[in-house]
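# Geometric and topological summary
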Amino acid sequence: MKIHDRPGFPNPARIRIALAEKGLDARVEFVPVDLIGAEHKQPAFLAKNPSGVLPVLELDDGSFISESTAITEYLDNLDGQPTLTGRTPREKAMVHMMQRRAEAYVLDPVGLYFHHATPGLGSALQAFKSPDWDGRAEMGRREGAKAVAGMTYFNGVLKDAPFVAGDSFSMADITLFAGLMFADAAGLAAPAGSSALLQWRERVAQRPSVKNRSGQAFLPVDLKRMGF
Ligand SMILES: N[C@@H](CCC(=O)N[C@@H](CS)C(=O)NCC(=O)O)C(=O)O
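Residues numbered from 1 in each chain as written. Predicted model: local features only at pLDDT ≥ 70, side-chain atom pairs only at ≥ 80, totals over all residues. Heavy atoms only, no water.

### What about the domain arrangement of the chain?
Under the domain assignment used here, the chain contains domain 1 (2–77) and domain 2 (89–216). Counting residues at the interface gives 22 residues for domain 1 and 20 residues for domain 2. Carbon and sulfur atoms make up 68% of the area that domain 1 and domain 2 hide from each other, which totals about 1,800 Å². Per-residue buried area on domain 1 facing domain 2 is highest for P10, R14 and I17; these three make up 31% of the total on that side. Along the contact surface separating domain 1 from domain 2 lie two salt bridges. (Domains from an automatic or database assignment. Contact = heavy atoms within 4.5 Å. Buried area = accessible area lost by both parts, 1.4 Å probe. Salt bridge = Lys/Arg side-chain N within 4 Å of Asp/Glu carboxyl O.)

In structure tokens, the structure reads:
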């Protein structure tokens, strides 16, 4: 198996955490993609994933799987013992629902804020982000506010349960964790009173699958290197 990604970015991090949770790192070859140089918007990459985003899983039979949820489901079911996507019909439905909320309420709006209301990843990529649209920064700011409201929602969820989808760590936790990572990089802080969310985050940060990846620095390091 190959994973086409760039370490340090939030969606690639979702898969790297899932791989580590499943103990599958050694079975994967990582293929770096120059996201800052917009390699993922060029025909060779678009043939692998027409959405033009990372990560992409390449199977040994030559097929490509994109979308972090689909990749995580594949990895989680490889050993017939899913731990990240639910075991019973109820668990599976809860994980699916809550991870989708984590994407829709936090991770995706943070991405829109980052790419439209800030300098994002620089000029090569900005050329693909509707730079001529006047309403772009305003849309980005609204998405930023939506992400902060999403954090308040998840703070409420985590007051009542140890993990995002209930009693067990799951793909939903990974998605929300990646959303908060991205929020840090984009300069969006959790609102005052988010103690349940921040305590959950600290617990997740201590999991070996997350903690042992600290050498593969998350987004802020790349941004600093770029002078942002
Ligand atoms: N829905 C996709 C989102 C993937 C995504 O947005 N990846 C980011 C990297 S964190 C990306 O490739 N961004 C490039 C761009 O927006 O041009 C997934 O779940 O994998």
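Once you've had a look at it, read on.
### Describing the confidence of the model for the chain
In the predicted model, the chain carries a mean pLDDT of 91, and 93% of its residues have values of at least 70. Note on residues 220–228: pLDDT is under 50 here. Beyond four places in sequence and across chains, it has 16 contacts. (pLDDT = per-residue confidence, 0-100.)

### Notes on the sheet that holds strand β1 (residues 2–5)
Strand order in this open sheet of four strands is β2-β1-β3-β4, and the pairing throughout is mixed. Across the chains shown, the open sheet's two edge strands, defined by having one partner strand only, are β2 (29–32) and β4 (64–66). Pairs of neighbouring strands in the sheet enclose a mean axial angle of 25°, with direction left out of account. Relative to β1, helix α1 (residues 10–22) is tilted by about 150°, and along the sheet it contacts β1 and β2. (Pairing = 2+ DSSP bridges. Helix = DSSP H or I, 4+ residues; strand = E, 2+ residues; numbered from the N terminus. Axes fitted to C-alpha atoms, helices over the stretch in contact; angles between N-to-C directions.)

### Some details on the packing of aromatic side chains
Tallied over the entire structure, the rule returns five aromatic pairs. Relative to Y153, the ring of Y105 has its centre 5.2 Å away and its plane inclined at 75°; by these criteria the two rings are edge-to-face. One end of the pair, Y105, is in helix α4 (residues 89–117); the other, Y153, is in helix α6 (residues 136–160), and 48 residues separate them in sequence. Classification of Y105 as partly exposed rests on a relative accessible area of 31%. Looking at Y153, the relative accessible area reads 29%, which means it is partly exposed. Taken together, a centroid distance of 6.2 Å and an interplanar angle of 50° make the contact between Y105 and F154 tilted. (Phe/Tyr/Trp six-rings, centres within 6.5 Å; stacked < 30°, edge-to-face > 60°. Buried < 20%, exposed > 50% of the residue type's maximum accessible area, 1.4 Å probe, protein only.)

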